[in-house]
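Spelled out, the chains give:
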2 protein chains.
Amino acid sequence: MPTPLDAIRTDVTIDPYKIGNLLFDPGYRETRTRIASILGSDRIFDKSLRPHLNHRQLLRLSLRIFKRLLELRDAHGWSDLEFTLACRLQDESLPTSLHDITFVPVIASQGTQEQQAYWLPRCKRYEVVGCYAQTELAHGSNVQELETTARFDVTSGEFVISSPRLESTKWWIGGLGVMANHTIVQAVLHLPLPGNPLEYKPYGPHLFIVPVRSLKTHEPLPGITIGDIGPKAYGGFGTVDNGYVRFREVRIPRENMLMRHAQVTLTGEYVRPAHDKLSYGSMVALRAGIPVNLGWSLARAVTIALRYCIHRRQFAATPDGPEQPVITYASVKHRLYPLLATSYAYIIAGRELWAMYQKMLEEVVQQGNMESLAEMHSLSTALKVKSSTDCAKGLEEARKCMGGHGYSHMSGIGPLFANATASQTYEGDNYVISQQTARSLLKHVSALRSSSSTPTSLTASRSSSSRSSSRSSGSSTSSRSSISSRSSPSSISTEHHLPPSSSYLLNTLLAPAQFYTQRSSVKTSGDWYSPAHQLSALEHRAAYLVLELSTSLSTSTPQNWSSHTHTTHRIASAHADVFVATTFRKCVARASSSNLLPDDCAYGLRLLCDIFCLGTLVAGLPELFESGFVDATQARLLRRALDEAVLVRMDVGSAVALTDAFAFTEFEMAGSVLGREDGKVYEGMWRAVREGESGKEREFLEECLEITGHYRRRRGSAKL
Amino acid sequence: MPTPLDAIRTDVTIDPYKIGNLLFDPGYRETRTRIASILGSDRIFDKSLRPHLNHRQLLRLSLRIFKRLLELRDAHGWSDLEFTLACRLQDESLPTSLHDITFVPVIASQGTQEQQAYWLPRCKRYEVVGCYAQTELAHGSNVQELETTARFDVTSGEFVISSPRLESTKWWIGGLGVMANHTIVQAVLHLPLPGNPLEYKPYGPHLFIVPVRSLKTHEPLPGITIGDIGPKAYGGFGTVDNGYVRFREVRIPRENMLMRHAQVTLTGEYVRPAHDKLSYGSMVALRAGIPVNLGWSLARAVTIALRYCIHRRQFAATPDGPEQPVITYASVKHRLYPLLATSYAYIIAGRELWAMYQKMLEEVVQQGNMESLAEMHSLSTALKVKSSTDCAKGLEEARKCMGGHGYSHMSGIGPLFANATASQTYEGDNYVISQQTARSLLKHVSALRSSSSTPTSLTASRSSSSRSSSRSSGSSTSSRSSISSRSSPSSISTEHHLPPSSSYLLNTLLAPAQFYTQRSSVKTSGDWYSPAHQLSALEHRAAYLVLELSTSLSTSTPQNWSSHTHTTHRIASAHADVFVATTFRKCVARASSSNLLPDDCAYGLRLLCDIFCLGTLVAGLPELFESGFVDATQARLLRRALDEAVLVRMDVGSAVALTDAFAFTEFEMAGSVLGREDGKVYEGMWRAVREGESGKEREFLEECLEITGHYRRRRGSAKL
Ligand SMILES: Cc1cc2nc3c(=O)[nH]c(=O)nc-3n(C[C@H](O)[C@H](O)[C@H](O)COP(=O)(O)OP(=O)(O)OC[C@H]3O[C@@H](n4cnc5c(N)ncnc54)[C@H](O)[C@@H]3O)c2cc1C
Ligand SMILES: Cc1cc2nc3c(=O)[nH]c(=O)nc-3n(C[C@H](O)[C@H](O)[C@H](O)COP(=O)(O)OP(=O)(O)OC[C@H]3O[C@@H](n4cnc5c(N)ncnc54)[C@H](O)[C@@H]3O)c2cc1C
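All of these numbers come straight from a predicted model, not from anything done at the bench.

Criteria and thresholds
- Residues numbered from 1 in each chain as written.
- Chains lettered and ligands numbered in written order.
- Predicted model: local features only at pLDDT ≥ 70, side-chain atom pairs only at ≥ 80, totals over all residues.
- Heavy atoms only, no water.
- Helix = DSSP H or I, 4+ residues; strand = E, 2+ residues; numbered from the N terminus.
- Rg over C-alpha atoms; globule rule 2.2 N^0.38 Å.
- Buried < 20%, exposed > 50% of the residue type's maximum accessible area, 1.4 Å probe, protein only.
- Contact = heavy atoms within 4.5 Å.
- Areas by Shrake-Rupley, 256 points an atom, 1.4 Å probe, with all protein chains shown as cover.
- Lys, Arg positive; Asp, Glu negative; His and termini not counted.
- Charge placed at Lys NZ, Arg CZ, Asp CG, Glu CD.
- Near = heavy atom within 4 Å.
- Polar contact = N/O pair within 3.5 Å; in protein donor to acceptor, adjacent residues only side chain to side chain.
- Nonpolar A, V, L, I, M, F, W, Y, C, P; charged D, E, K, R; others polar.
- Salt bridge = Lys/Arg side-chain N within 4 Å of Asp/Glu carboxyl O.
- Pairing = 2+ DSSP bridges.
- Axes fitted to C-alpha atoms, helices over the stretch in contact; angles between N-to-C directions.
- Arc of directions from axis to C-beta.
- Phe/Tyr/Trp six-rings, centres within 6.5 Å; stacked < 30°, edge-to-face > 60°.
- Lys NZ or Arg CZ within 6 Å of the ring centre and 35° of its normal.
- Expected span 1.5 Å × (residues − 1).
- pLDDT = per-residue confidence, 0-100.
- Least-squares fit on C-alpha atoms with pLDDT ≥ 70 in both.
- Buried area = accessible area lost by both parts, 1.4 Å probe.
- Core = buried A, V, L, I, M, F, W, Y, C linked by side-chain atoms within 4.5 Å.

Undergrad: Looking at this structure, how should I read the overall build of chain A?
TA: When its secondary structure is counted, chain A shows 24 helices and 13 strands. For 720 residues, the compact-globule formula gives about 27 Å, and the C-alpha radius of gyration of chain A, at 28 Å, lands near that figure. Projected onto the principal axes, the alpha-carbon positions of chain A cover approximately 85 × 75 × 65 Å. Relative to its full complement of 720 residues, chain A shows a buried share of 62%. The contacts of chain A with a sequence gap of at least 6 include a subset with a gap of at least 24, amounting to 77%. Total accessible area computed for chain A in this model is approximately 26,600 Å², and 53% of it derives from carbon and sulfur atoms. Placing the 77 positive and 69 negative side-chain charges of chain A at their respective mean positions leaves the two points 3 Å apart.

Undergrad: How do you make sense of the site of ligand 2 when you look at a structure like this?
TA: Taken together, 34 residues form the shell around ligand 2, and within it Arg312 and Cys401 of chain A together with Thr135, Ser141 and Asp429 of chain B come nearest. Neighbouring residues of ligand 2 are not confined to one chain but are distributed across chains A and B. A distance of 3.5 Å separates a nitrogen atom of ligand 2 from a polar side-chain atom of serine 331 of chain A. Note that a nitrogen atom of ligand 2 is positioned 2.7 Å from one of the side-chain N or O atoms of threonine 135 of chain B. Class assignment for the residues of the shell around ligand 2 results in 16 nonpolar, 14 polar and 4 charged.

Undergrad: Got a minute to help me understand the pattern of salt bridges in this structure?
TA: Side chains bearing opposite charge may pair, as long as their charged atoms lie close to each other. For the structure shown, the criterion picks out 84 salt bridges over all chains. Put simply, glutamate 699 of chain B and arginine 60 of chain A hold a salt bridge, and the shortest N to O gap is 3.8 Å. Here glutamate 699 of chain B is found in the loop between α22 (681-690) and α23 (701-708), whereas its partner arginine 60 of chain A is found in helix α4 (residues 55-76) on a different chain. Take glutamate 699 of chain B: its relative accessible area is 36%, and that puts it in the partly exposed class.

Undergrad: Even after reading the chapter, I still don't get the sheet that holds strand β4 (residues 170-173) of chain A, so can you show me in this structure?
TA: By way of backbone hydrogen bonds, the strands of a sheet pair with one another, either parallel or antiparallel. All names here are of chain A. Within the open sheet, the 3 strands sit side by side as β4-β8-β7. Their pairing is antiparallel. Because the sheet does not close on itself, it has two edges, and the strands there are β4 and β7 (224-228). Averaged over all neighbouring strand pairs, the angle between strand axes comes to 15 degrees, with direction disregarded. Sheet analysis places β4 next to strand β8 (residues 243-247), joined by 2 bridges and oriented antiparallel. Considered in β8, the bridge of isoleucine 173 is made with glycine 243.

Undergrad: When you look at the side chain of asparagine 142 of chain B in this model, what are you seeing that I'm missing?
TA: With respect to the helices and strands, asparagine 142 of chain B occurs in the loop between β1 (132-133) and β2 (149-153). On the basis of relative accessibility, which here comes to 7%, the residue asparagine 142 of chain B falls in the buried class. Of the polar contacts made by the side chain of asparagine 142 of chain B, one reaches the side chain of glutamate 323 of chain A; its length is 2.6 Å.

Undergrad: Help me out: how do you make sense of helix α23 (residues 701-708) of chain A in this one?
TA: Side chains that are three or four residues apart share a direction in an α-helix, a result of its 3.6 residues per turn. Those residues of α23 of chain A lying buried are Leu701, Glu703, Cys704, Ile707 and Thr708 of chain A. Down the axis of α23 of chain A, the buried set is contained in an arc of 165 degrees. They therefore lie on one face. Considering only its buried residues, α23 of chain A is in contact with α24 (710-713) of chain A together with α4 (55-76) of chain B.

Undergrad: How do you make sense of the packing of aromatic side chains when you look at a structure like this?
TA: Working definition: an aromatic ring pair is given by the centre-to-centre distance plus the angle between the planes. Overall, the coordinates contain 51 aromatic pairs over all chains when judged by the stated rule. Both rings, one in phenylalanine 24 of chain A and one in tyrosine 28 of chain A, keep their centres 5.9 Å apart while their planes meet at 20 degrees; by these two values the pair is stacked. You can call tyrosine 28 of chain A partly exposed: its relative accessible area is 27%. Their ring planes at 55 degrees and their centres at 5.0 Å tell us that phenylalanine 152 of chain B and phenylalanine 159 of chain B sit as a pair that is tilted. Accessibility classification places phenylalanine 152 of chain B together with phenylalanine 159 of chain B in one group, the buried group. Ring pairing ties together the aromatic residues Phe24, Tyr28, Trp296, Tyr344, Phe662 and Phe664 of chain A, which thus form one cluster. Between the NZ or CZ atom of arginine 122 of chain A and the centre of the ring of tyrosine 118 of chain A, over which it lies, the distance is 3.9 Å. Seen from the ring of phenylalanine 83 of chain B, arginine 73 of chain B lies directly overhead, with NZ or CZ sitting 4.4 Å from the centre.

Undergrad: What is the right way to read the side chain of glutamine 134 of chain A from this model?
TA: Residue and element names in this part refer to chain A. Tracing the chain through its elements places glutamine 134 in the loop between β1 (132-133) and β2 (149-153). Reaching out from glutamine 134, the side chain makes a polar contact with the side chain of tyrosine 132 at a distance of 2.9 Å. In this view, glutamine 134 contacts Val143, Leu146, Lys170, Ile173 and Gln186; residues no more than four positions away in its chain are not counted.

Undergrad: Even after reading the chapter, I still don't get helix α10 (residues 371-400) of chain B, so can you show me in this structure?
TA: Taking 1.5 Å per residue, 30 residues should reach 44 Å; α10 of chain B reaches 44 Å between its end C-alpha atoms and fits that length. The element α10 of chain B is largely enclosed, with a buried count of 27 among its 30 residues.

Undergrad: Help me understand the confidence of the model for chain A, please; the structure alone is not making it clear to me.
TA: Residue and element names in this part refer to chain A. Scored by pLDDT, chain A comes out at a mean of 91, with 92% of its residues at no less than 70. A low-confidence stretch, residues 455-482 stays under pLDDT 50, and its non-local contacts, those more than four residues away or across chains, total 62 contacts. Across the assembled chains, the prediction reports ipTM 0.95 with pTM 0.95.

Undergrad: Mind showing me how you'd approach unusual backbone geometry here?
TA: Trans peptide bonds make up the majority, and among non-glycine residues the majority have a negative phi. Positive phi values are uncommon outside glycine, yet alanine 663 of chain A reaches one of about 55 degrees. Residue placement: alanine 663 of chain A occurs in the loop between α20 (652-660) and α21 (666-669). By relative accessible area, which is 28% here, alanine 663 of chain A ends up partly exposed. Although it is not a glycine, aspartate 91 of chain B sits at a positive phi angle of roughly 75 degrees. Tracing the backbone shows aspartate 91 of chain B in the loop between α5 (80-88) and α6 (97-110).

Undergrad: So what exactly am I meant to see when it comes to the relation of the copies chain B and chain A here?
TA: Overlay of chain B on chain A (RMSD 0.0 Å): rotation 180 degrees, translation along the axis 0.0 Å. On the angle and the small slide along the axis, the relation comes out as a two-fold axis. A symmetric contact is evident, with 100% of the interface residues of chain B recurring at the interface of chain A.

Undergrad: Just to check I follow, could you spell out the interface of chain B and chain A for this structure?
TA: Buried accessible area, meaning the area lost when the parts come together, often serves as the stated size of an interface. Each side of the interface is counted separately: chain B has 135 residues, and chain A has 135 residues. Together, the buried faces of chain B and chain A total about 12,200 Å²; carbon and sulfur atoms form 59% of this surface. A per-residue breakdown of the area chain B buries against chain A is headed by Arg56, Tyr234 and Tyr407 of chain B, which together make up 7% of the total. The tally of links between chain B and chain A comes to 14 salt bridges.

Undergrad: Looking at this model, I keep getting lost on the site of ligand 1. Mind explaining?
TA: Close to ligand 1 lie 34 residues, the nearest being Thr135, Ser141 and Asp429 of chain A together with Arg312 and Cys401 of chain B. Looking at the residues close to ligand 1, they fall on chains A and B. In this structure, a nitrogen atom belonging to ligand 1 sits 3.1 Å away from a main-chain N or O atom of tryptophan 172 of chain A. In the model, an oxygen atom of ligand 1 is placed 2.6 Å from a nitrogen or oxygen of the arginine 312 of chain B side chain. Relative to its free-state accessible area of 970 Å², ligand 1 is covered by the protein chains to the extent of 94%. Looking at the shell around ligand 1, the elements with two or more residues in it are β1, β4 and α12 (430-451) of chain A together with β12 (313-316) and α9 (330-367) of chain B. Partitioning the shell around ligand 1 into residue classes produces 16 nonpolar, 14 polar and 4 charged.

Undergrad: Hey, could you run me through the environment of histidine 444 of chain B in this one?
TA: Along the chain, histidine 444 of chain B falls in helix α12 (residues 430-451). Between the C-alpha atoms of histidine 444 of chain B and valine 302 of chain B, which are 142 residues apart in sequence, the distance is 38 Å.

Undergrad: What is the right way to look at the pairing of strand β3 (residues 158-162) of chain B in this model?
TA: All names here are of chain B. Most of β3 sits inside the fold, with 4 of its 5 residues counted as buried. Following β2, the chain reverses through 4 residues before pairing antiparallel with β3; glycine 157 in that reversal takes a positive phi of roughly 70 degrees. In terms of strand pairing, β3 meets strand β9 (residues 250-253) through 4 bridges, oriented antiparallel. Bridging from a neighbouring strand, isoleucine 161 pairs with valine 250 of β9.

Undergrad: What exactly am I supposed to notice about the sheet that holds strand β8 (residues 243-247) of chain B here?
TA: Residue and element names in this part refer to chain B. Judged by pairing direction, the sheet is antiparallel, and its 3 strands sit side by side in the order β4-β8-β7 without closing on themselves. In the strand order of this sheet, the two ends are held by β4 (170-173) and β7 (224-228), each with one partner. Pairs of neighbouring strands in the sheet enclose a mean axial angle of 15 degrees, with direction left out of account.

Undergrad: Would you mind showing me how to read the nonpolar core here?
TA: Side chains of nonpolar character tend, in soluble globular proteins, to be buried together. Of all hydrophobic cores here, the largest spans 309 residues; its most connected members are Trp171, Tyr344 and Trp528 of chain A together with Trp171, Tyr344, Trp528 and Phe584 of chain B. Excluding residues within four positions of it along the chain, tryptophan 171 of chain B makes contact with His405, Met410, Met685, Trp686 and Val689 of chain A together with Thr135, Glu136, Leu137, Ile229, Gly243 and Tyr244 of chain B.

Next comes the structure, spelled out in structure tokens:
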């Protein structure tokens, strides 16, 4: 008998594999399938065990998992890529993950040739396992105020690492709790004053490699107080040993300072780095990697929820009819389909961001082009902020879509949310780092103003090269000039070069009277399906928010930045929306025009992109109204367009095909009984409660009888 | 040295105790303090242990906790109220909670006198511990399709309880997993056909008391397959043994059917209940109790987050200045202050709802007034939907406000969210039950239409008694007639009696041309502080949504209700907003005018109410625009009003006083290191990781050495 999913698939003409070509590097799926099937045959990797364990048990399990992965690497001769993939297939970070994604890359980018030659091979053998210790008990966001010191002792040629007070204890450090034997420490460099070697001068935070546990015994080294910081909210990061460490005059050789950029000589002199921003690189990499990962996490949740909502039936449409799959209901479609679209959006835009990051690295290294570093920093920050907000919210929504059973550990979504929500905080708290994007956009606005020929009233032809490059990227169907009905900056000429992601800021050069009379020219709900209309509205919204902040700052006292930190979050989000929508549209346009995709696939993908853009616009309605760009009628048309896309145009078969395109392996889905491909959800739930844990309720007999017998036993004295 | 909180408190003139008088019944705080101090001296109640335990360990702990509570009840001679309070101070439900909040009340309301006399004393002694089993593996929302059967065997005079298939297994039943020895079962009553006693006829779901575990051994009784369904998402409901049970021809005496309303005679005849809605009562009670509980949960989280954000300093305002408490930042205020307002709103409106419920019970019982039951059902549903959505979201937001440390179990907010989010699903999935509120509002609209004298164009004077009664309730300062600038239903006369919560629906009698030209007459941001303006906008928004749905339904095919289930959620939410805002405003007005509160207190409370109403309006901007009620300028003014309320008018001292009014005991705050009253957050975190768990990292030495030594040991063969 075909499963409900297979029955649905028979009618679908979308080819999931072809769609998947846009989401994966060539060969990736095949490798993943191969590795997943190896993992699937080993019970230690069984994700359904984890919800039954407490934090300490989870840590122990995750150490054993990693050990087993090393054995499999040897047994199968896995390449680095394959080994990384096997680690990632665990879904959750391991005590060694921060070693791989921070310790090693930081040494690779901040270490000298000799340092790399010394450390990296040991790292690869996991003989040295490290992590990255920046945050302290009292300081995280404000890196400049970190208190850990690294004082250079000229006599011995060593650095002395100290935590001056309790508050300077390093805290939250992933991998440090039980696993790491080394850590990179952000510490304020102190060098002796040339004239007076007993007095020291601070040179700000620098990076040092500090051994913390014995390679032989794994016991903490002298002067090191170290441990695990304990469980986290919602059981998140349960398999990671976030830890703390306090240093009491810990001595390390001079060679343990990472010296590719700044250096300290044998005699304690400071050599400045060529570019003081160069050390940003590795932080940008971490942020730039977040959106695509979160997109995949959401993709998994949506796949689970969609499958369950097809299987789950509740209520009949007609008195004697059969109960309907709950995916039939508008409220389920309106929650799930936009999430499906969101997961595609962040996978596609996240991959593009990552490609840009790689390209930037080359430019920085080969051409010393620092401008692209600044742009990368601002854009990756905005995307980190928006993708983490949307995906955390989306994961919880997907879980709720499944009703009661969604709250069981058997949904498999719990850990996805518990981990994802932390991404709103780590790699920079979203409200703190949004300010960096906003500052960079404001800088563009003032650079535009000071470099533009006719700053407030403009008539010449639209000519900025950056502008036109972004134009062509998004609007595949209609020309953008017809989008807004009144004044537009068709005429601006400026010397300032805007990066493509910010080209919409050109609009802020308009005189207020012009800017605030710009109107969308949408007249029908069908108009809202035009990419040009969608993107110009998203751009207008972002420009409006930047302009409002710029005006607000210029008309009030200078020190009031802190009273705008709410707005900067909205700005970073709106900025990200423009990039994500543009990139998604571009991807669809390219795939359709180049015949990469057959028509049916292209239609499905375009519809998904419409759902993403329309949903994003609906969420942005307040700004679209307040700026005057959209009126009540257009807003109602927008909602109607979204309704139509979600309730009418998207069919459940296409939705299934679009989740099939994710090509999740059986192994990846195994943590979710509700998302079972074969639809045997109830059997699976039954088996889960009967097997393994079966009979264990007996453990509780004593305690229960203590309660029910309480008053019987004390009958003589009882009042009840 | 004064703590940072005390330093802030010295400047504040608001008297928290007086504010608290609006939140508590007389004497409650004192009782709570007394009981909390008893619990505080017993380590078994220490909440900081719980995050370290897995589900089974938590269950065991919670059984022991309850046992200890029984002992304390005896030792201190606690009254029922005191004992209930001691249970609630555990913060999380216990395996016996469902006994107290479902099993006992259902017997009390659905059982005959004899049944009550038999069961209730045993229940009070916890000799019989029960729960409420309605949901099945395959059916929750759709109660009519429940499959468990109760067939009456005339020969033996017994009911035979069966689960016909795997899918009919009862599932999710709180208290059933390990604790309960009885359960109330919702089962479809089957009675023999009079002529043919071998054929049965179904009479729909009825309630039966079924013993499931032996009173002597606590082992499952014959025919009963029973157990715990395992861990839940985010570790939520960790202390509750949600369970499953499957019945194989389990025989219970006829007397175990709850027979206060429907009855089955000895000979197997069915006696209909007087009112078929009467059995709703206990479900309504459960829903009606949710908003106030969630309000308190949010209150706790906001208290924790506010205290931490006062203590936590990050970044200086000036280059050499001291770092500022993060509460200084707009983004923190804009997140926390509205949540503080929201917690007040749900506590106040929730208490009012509960009072209305009590009053309704009397009316139903004494006067057979079923109309108020319908209204109570619709209103409590709307409030359950909105409060659970807002509070779950708010709890997670409060946690995030605390940055990195907010993600530690030491914030103490994790379990609050993990538990609260389930309230969006239990007692009826929010998207399913919203439809009940929407249906009831639509019914009012059509009743209004068919009973009004001049259905589409109206000119007489506003006279509906329900309308005018709601008028006086909310608008304490200005007359409501000046609120909207164009047509208003100043003229409608109708026979249909609208309950106060729905009086705004009168507006839907206007002709569309009139309704859609109604405009708010707000002209300054100060105008938005007028209760009349606030409430009329909220009312217009709710009326607009109902009207749109009603139009939409009347212009399309009849079976398309399922394509509106997204809208009904928005309707229930908007309906709840009107009630909550009105009730909050009424409470403030009453407290101010009656001199219950001194001026300073009244000012603080009024400001909080403004923040709630303005925040709710900002969230409702899309509908306010789409309906044409508010234009772009008014929206910008609204945002400015909210900004001013949050960033300027509310000061941190008042916010502290308003959280002090919650009067949380030290015991209640003990699960949160971050929320420490004495501000010793970092010391507390340090102690938490050093004590108790200290040195336990040694447990992992072996595993870690296995990893770091992996390639050393196999050096001969290693490729690396
Ligand atoms: C799961 C997890 C893993 C981590 N792993 C590591 C690791 O491996 N290594 C490491 O070094 N660190 C790690 N961290 C720490 C992390 O980098 C910091 O917690 C994060 O950068 C946030 O900083 P904070 O905790 O100081 O937040 P805070 O700055 O204290 O934030 C508290 C509140 O203040 C607000 N706020 C602060 N400053 C401002 C401002 N200027 N304007 C407006 N609002 C402001 C924030 O928005 C927030 O609401 C980890 C954290 C987590 C949660
Ligand atoms: C923590 C917890 C404790 C519980 N305790 C108990 C207990 O003690 N006793 C007990 O009997 N039960 C209990 N339950 C069960 C609970 O009452 C049900 O899970 C709840 O009523 C939701 O029903 P469901 O699971 O069937 O959801 P479903 O109806 O299966 O919902 C699945 C999805 O379909 C959607 N949907 C379903 N029907 C419609 C429709 N007509 N229109 C639009 N959308 C629809 C829902 O919105 C949801 O998105 C508990 C549940 C939880 C989570």
